[in-house]
Amino acid sequence: MRLILLGAPGAGKGTQANFIKEKFNIPQISTGDMLRAAIKAGTELGLAAKKVMDAGQLVSDDIIIGLVKERLKDADCANGYLFDGFPRTIAQAEAMKDSGVTIDYVLEIDVPDEMILDRMTGRRSHPASGRVYHVKFNPPKVEGVDDVSGEPLIQRDDDKAETVSKRLEVYHNQTEVLLGYYGKWAESGLPGAPKYRKISGVGPVEQVRDNAFAALSE
Ligand code: AP5
Ligand code: ZN
């Protein structure tokens, strides 16, 4: 299974990625998680990326495309992968197409803008595993603690209200165009075209998961 999760910041891509990667036994390739790991490691790339991410802007296509191409060389990608938060621009999508990266499904998770801010400000993350919680909507068993590892949860630096609205604006201006890009490709029925599926990201996490699994089995 090779798939792309598309959706606004806070739509639930990371949350659903955790279910999907387990079901299909594929690695989650989250460019956001990769960049945050670089920041934590204090690399040059991380330092440069942090400024851009805290401003709610997109990191340059060249950097992102380079990161993903390197990641795809890893042995665990041989049987499939799940892209989370990538591609985010037409240039990134075209770079994948040009390098012959196959996609079976594009799954769009749709959530209205009005719901996003609440989701972001209540988010708590476990960076090492990519697990995501919400203080109200999807709380961990023990407050502030990851269910599986028992390690502390963190709040992301870019989940401040003003950064969230900038990220939403950037999503509408630069990423939303990909819905049409993949939708049209899917409709073309050309060899190698992915299947395009859209689900609502509103409702309990488990309900969205069941809808995602159903969409990916059609
Ligand atoms: P990235 O890490 O990709 O962030 P994002 O796309 O903005 O998405 P989020 O991670 O914020 O949201 P999500 O959809 O994963 O939602 P989640 O499941 O966590 O990117 C961060 C930054 O890195 C970018 O701004 C950019 O600077 C840079 N970057 C990354 N990739 C890049 C690229 N390809 N090109 C250029 N720059 C790039 O859920 C959110 C919250 O909602 C959680 O608290 C969760 O518990 C809760 N929730 C989830 N589902 C539900 C539900 N059904 N009901 C209620 N609450 C729910
Ligand atoms: Zn995410």
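- An unreviewed UniProt entry annotates the chain as Adenylate kinase originating from Massilia arenae.
- We quote the UniProt Function (unreviewed entry) comment for the chain here in full: "Catalyzes the reversible transfer of the terminal phosphate group between ATP and AMP. Plays an important role in cellular energy homeostasis and in adenine nucleotide metabolism."
- Checking UniProt for the chain, the heading Pathway (unreviewed entry) contains the comment "Purine metabolism; AMP biosynthesis via salvage pathway; AMP from ADP: step 1/1."

1. Let's talk about the sheet that holds strand β2 (residues 28–30)
And then number 1: Ordered in space as β2-β3-β1-β4-β7, the five strands form an open sheet in which the pairing is parallel. Lying at the two open borders of the sheet, with one neighbouring strand each, are β2 and β7 (195–200). Geometrically, the sheet is characterised by an average inter-axis angle of 20° between neighbouring strands, direction not taken into account.
And then number 2: When β2 meets strand β3 (residues 81–84), the two strands line up parallel, connected through three bridges. Within the sheet, the bridge partner assigned to isoleucine 29 lies in β3 and is phenylalanine 83.
And then number 3: Along the sheet, helix α2 (residues 31–41) contacts β2 and β3; its crossing angle with β2, the most-contacted strand, is approximately 65°.

2. Comments concerning the UniProt feature "domain: Adenylate kinase active site lid" (unreviewed entry) in the chain
And then number 1: Mapped onto the present numbering, the UniProt feature "domain: Adenylate kinase active site lid" (unreviewed entry) falls at residues 123–158.
And then number 2: In residues 123–158, the share of helix is 0% and the share of strand is 22%. The end C-alpha atoms are 11 Å apart.

What counts, and where the lines are drawn
- Residues numbered from 1 in each chain as written.
- Chains lettered and ligands numbered in written order.
- Predicted model: local features only at pLDDT ≥ 70, side-chain atom pairs only at ≥ 80, totals over all residues.
- Heavy atoms only, no water.
- UniProt positions renumbered as here; feature names shortened; annotations may be inferred.
- Pairing = 2+ DSSP bridges.
- Helix = DSSP H or I, 4+ residues; strand = E, 2+ residues; numbered from the N terminus.
- Axes fitted to C-alpha atoms, helices over the stretch in contact; angles between N-to-C directions.
- Contact = heavy atoms within 4.5 Å.

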